[in-house]
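Reading the structure
Next come the chains, spelled out residue by residue.
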Amino acid sequence: MLHIRAPFIALYRPNSLSFHHQFNFSTIQSQLNQISEHKIHSHLLKICLRQCQRIKIRHPFDETPQRLAQASRTSKTIHAQTLMFGFGSKGQLGNAIVDLYSKCGNAEFSLKAFNQLEKQDILAWNSVLSMYSRQGAVKQVIECFGSLQNCGVPPNQFTYAIVLSSCARLVDIDLGKQVHCGVIKMGFEFYSFCEGSLIDMYSKCGSLIDSRKIFDAVEYPDTVSWTAMIAGYVQVGLPEEALKVFEDMQKLDLVPDQVAFVTVITACVVLGRLDDACDLFAQMPNPNVVAWNVMISGHAKRGCNIEAIIFFQNMWRTGVKSTRSTLGSVLSAIASLAALNYGLLVHAQAIKQGLNSNVYVGSSLISMYAKCEKMEAAKKVFDALDERNLVLWNAMLGGYAQNGYGSPVMKLFTEMRSCGFQPDEFSYTSILSACACLECLQMGRQLHSFIIKHNFECNLFVENALVDMYAKCGALEEARQQFESIRNKDNVSWNAIIVGYVQEENEDEAFIMFRRMSLDGITPDEVSLASILSACSNLQALEQGEQVHCFLVKSGLQKSLYAGSSLIDMYVKCGSIEAARNVFSCMPDRSVVSMNALIAGYAQHDFDEAIDLFHEMQNGGLNPSEITFASLLDACNGPVKLNLGRQIHCLILKRGLLSGDDLLGVSLLVMYMNSQRKTDAGILFSEFQYPKSTILWTAIISAHTQNGCSEDALQFYREMRRNDAIPDQAAFASVLKACSTLASLADGRVIHSLIFRIGFDSDELTCSALVDMYAKCGEIKSSVQVFEEMGSKTDVISWNSMIVGFAKNGYAENALKIFNEMQQTQIRPDDVTFLGVLTACSHAGRVYEGREIFDIMVNTYKIAPRVDHYACMIDLLGRWGFLKEAEEFIDKLKFEPDAMIWATLLGACRIHGDDIRALRVAEKLIELDPENSSSYVLLSNIYAASGNWDEVNSVRRTMREKGLRKFPGCSWIVVGQKTNLFVAGDKFHPSSGEIHAVLKDLISLMKKDGYVAETDSLLLDED
């Protein structure tokens, strides 16, 4: 639609009357009655030509629809007067009326006036052609040109210029060449209008050689020809050539017009030469809106978002009105910065100019609010738009998907289809992202079928989204199958599959795919490199991480925020904190992410340095995030740092970060529990808003379980269920561990029934916890049943639970059998696996197999033995009489043996009555841990077994002198929901009298059956 200002028509009278005043039909008629017919004709012609001239010199597209309507009404008024006097279809006046209607964009009246002309000369034809061209009706231009030739009207240079412009817009070089022949035939090839149009046509049709031939043949090219040549080079992707042509133009002292400036500025922007673009822009006397738009969009696309916003502000100050393109570009820059305040100002500007109802501006506003995480505001913009196209729907779907709102994406997608819109590739990527977010594999598979049905399965955007969806839903086999089916894989394809393998902790396959990516000639970007660094972190593979670091240096990416932060995280998790600090020091820009990675590393190794970094972060103008505080709180893991933890708690409250944030809530609960402040943890938990999330319930249960408060953990679980909170796999694992510690089989069975009812019986982690719970409660049959019914056993934890369960319950042969099965399924054993297997070998007397398994652990799987592995080997050798080998094993250790190792050997000496070796070992043990009563008790029992009562008394005397007491044994039983604890010699139990009466009866029955107490060990019972 053309937008033109209200025409200004001066009538033939001393005081010229403007159409800005109330100019009506009766006024014109009363004035014209006083003038002769000839003068009337001349006067109407003059008015008409003046109006045409006014429209020509203005910028029609800047005008409002109201002004356009007013101009059209003026045209009709003049036309009515000409018809009344009978010369509306004659000569120059008739042509002028057609031209005026055409310039007003009134196609209906323009064609009516044209058809009423007595003689349709070339001027009238050109008016109609120009109207169609301005309205973008290029096919009508071609059809009208054909009618002109059929009527025998010879075209002029302006006719050819209009038609050539339409050929360029149609990118129809064959038709353009035919018109070119007509230009030559008519002798117009050297007219400036035709020269410029021919250069433009060939350029836009991609035939730059022909374009250049015509340009070089022009003796004195005008600004239009120069501009057409420059634009041609820009369009075909040769911006450097465009700048050369512009330089040649300047050498001839030709003054570029607005179009030339805009074209060459565009070339600079394409080349990334933003400084040159700014210099050229500064040379423009009065930059138009197109020039401002190029500068704003150019800076935004190059990531110079702040500069784009500054240009927008300057444009606003100079009084140049924004267009939809302006607002779209600046909103894109604002979205990249998530600068909500600027976004609100631009939104207000859009409302003021009436552009907020524009679909293009609306979609930009939605994207801006989505990037600023304000989806409610985005939804309001969406709901307020009467006209909606697919772009708008996609913007809304993409916004929800980016912010992790999976359910709203699904709902909006259904609504979109019900409104008759068919999804395109961008719609599908959003809905697939929602499936990935919700881990809704079944829905993703259905959508995949729908995609195939609608022939989008070969679209690269959709293919990549499918790989990502399958990977994030844990269906790596389907993700890999989809990945391999992609013909033209790009970086996004490789990134999706690599990230998927890393997230599922299949690091070996991630490394394989990374190497394949490089071999296929795809240069890894920051995303793939960050993912592979994450894999290095998971495996603590420092050497591979250093290789990736070298690749980053070679690629020039090591100083970028994203890659740099990933490097810091990798070095921190691999224990190379100094290397992490060096990477951080070399980064020109610091972000919250990079600071957080380094703070997390120092928090575990040098807490004072972590605090210094925290202060540096604040002084540098960076706002600490929830992760910053969580890292610091995780380091406050004991009573010593309790006060500091409380200070951090106060700072979190002051900043208002605790409200609705589970991450910090969990960190605070763990901090208080690890600091032995169970009451404070309980108070904090009670202050969390209702209803409390599953994450918070899991945290309080887990914290109590890990700190030895299993009974309290069970109580919190029961309270959780009373509040109708549904446990997740982590909650079940924690509460089942509490049941294991308490050997509370009844509670474990109740929890098992809930697990089965809500469908977590197919979850591997939860089933592993069940296997462990049943085994530790001595219910090995149920443990085996759960293990055998598990649908998936891909995690080493599942196998470990069963192996350790068998080993602890004395089923050594079964433990070894499970270990062999595990090896056949290609599951890589870890340190816990080997500890369980060695324990089983020890219980079964499988000394040879034990030696072999220890060797496999160290030399085949390269697992460094822990102290408990060494202790287990010593127990294996010592328990079955290889005391000398056990002692030699200790002597060969590369570290100083601790009390656990010597205590293990001392226990073996007691079994086999080796007093001499026992005395030597006991001396070592007492030297290492002189305050531990168990060493003295064990030595005393050895002497008692051999009848050396003098040494027994000596040991007892030493214990009394040192004030050491043997910790009494204890047992417990759960009755109802109460745990009853029994300690040896305890007389304070509420039912103590009844218990001792029952014990007396039992002892009497045992003696009648011939029971004789064991007396080869003397159990000291110190008062």
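Residues numbered from 1 in each chain as written. Predicted model: local features only at pLDDT ≥ 70, side-chain atom pairs only at ≥ 80, totals over all residues. Heavy atoms only, no water.

**What about the nonpolar core?**
A general tendency of soluble globular proteins is for nonpolar side chains to be buried together. How we decide: Side-chain atoms within 4.5 Å link the members of a nonpolar core, which is a set of buried Ala, Val, Leu, Ile, Met, Phe, Trp, Tyr and Cys residues. When accessible area is computed with a 1.4 Å probe and restricted to protein chains, residues below 20% of their type maximum are described as buried, those above 50% as exposed, and intermediate ones as partly exposed. Runs of H or I in DSSP of at least four residues are treated as helices and runs of E of at least two as strands, each being numbered from the N terminus.
Counting 300 residues, the largest nonpolar core has Ile-265, Met-469, Ile-568, Leu-669, Ile-751 and Leu-905 as its most contacted members. Take this core: its biggest share by element is 8 residues, from helix H14 (residues 258-270).

**Remarks on the confidence of the model for the protein**
This is how it is decided: Think of pLDDT as the predictor's per-residue confidence, scored from 0 to 100. Contacts: residue pairs with any heavy atoms within 4.5 Å of one another.
Confidence in the prediction for the protein averages 81 pLDDT; 90% of positions are at 70 or higher. Segment residues 1-25: pLDDT under 50, and 76 contacts once partners within four positions in sequence are set aside and those in other chains are kept.

**Brief notes about a nonpolar patch on the surface**
Cut-off, in case you're wondering: The patches reported here contain residues having more than 30% relative accessible area and no salt bridge. Joining distances are 9 Å for like charges and 5 Å for nonpolar side chains (Val, Leu, Ile, Met, Phe, Trp, Tyr). All accessible areas in this document rest on Shrake-Rupley with a 1.4 Å probe, and a residue is counted as covered only by the protein chains that are shown. A pairing counts as a salt bridge when a side-chain nitrogen of Lys or Arg comes within 4 Å of a carboxyl oxygen of Asp or Glu.
A cluster of nonpolar side chains, contributed by Val-998, Leu-999, Leu-1002, Ile-1003, Leu-1005 and Met-1006, occupies part of the molecular surface with about 520 Å² of accessible area. Assignment of secondary structure puts Leu-1005 in helix H56 (residues 992-1008).

**Thoughts on the packing of aromatic side chains**
For clarity, the threshold we go by: Pairing of aromatic rings covers Phe, Tyr and Trp, the last through its six-membered ring, and needs centres within 6.5 Å; plane angles under 30 degrees mean stacked, over 60 mean edge-to-face, and all others mean tilted.
Counted under the stated rule, the structure contains 26 aromatic pairs. Seen from their ring centres, Trp-292 and Phe-311 are 6.4 Å apart, and the 70 degrees between their planes marks the pair as edge-to-face. Linking Trp-292 in helix H16 (residues 289-301) with Phe-311 in helix H17 (residues 305-317), this pair joins segments that are 19 residues apart in sequence. Under the relative-accessibility criterion, Phe-311 is labelled buried at 13%. A ring pair is formed by Phe-854 and Phe-889, whose centres lie 5.8 Å apart and whose planes are at 70 degrees; its orientation type is edge-to-face. One end of the pair, Phe-854, is in helix H49 (residues 847-860); the other, Phe-889, is in helix H51 (residues 883-891), with 35 residues separating them in the sequence. With relative accessibility at 12%, the residue Phe-854 sits in the buried group. Judged by relative accessible area, which is 17%, Phe-889 ranks as buried.

**A few points about the state of the cysteines**
Rules: Working definition: a disulfide is two cysteine sulfur atoms within 2.5 Å of each other.
Enumeration over the complete set of coordinates arrives at 0 disulfides. In this structure Cys-144 is a free cysteine whose sulfur lies 9.1 Å from that of Cys-151, the closest cysteine sulfur available. Summary of cysteine pairing: Cys-909 is not part of a disulfide, and the nearest cysteine sulfur, belonging to Cys-872, is at 17 Å. Of the residues examined, Cys-909 reaches a relative accessible area of 0% and is grouped as buried.

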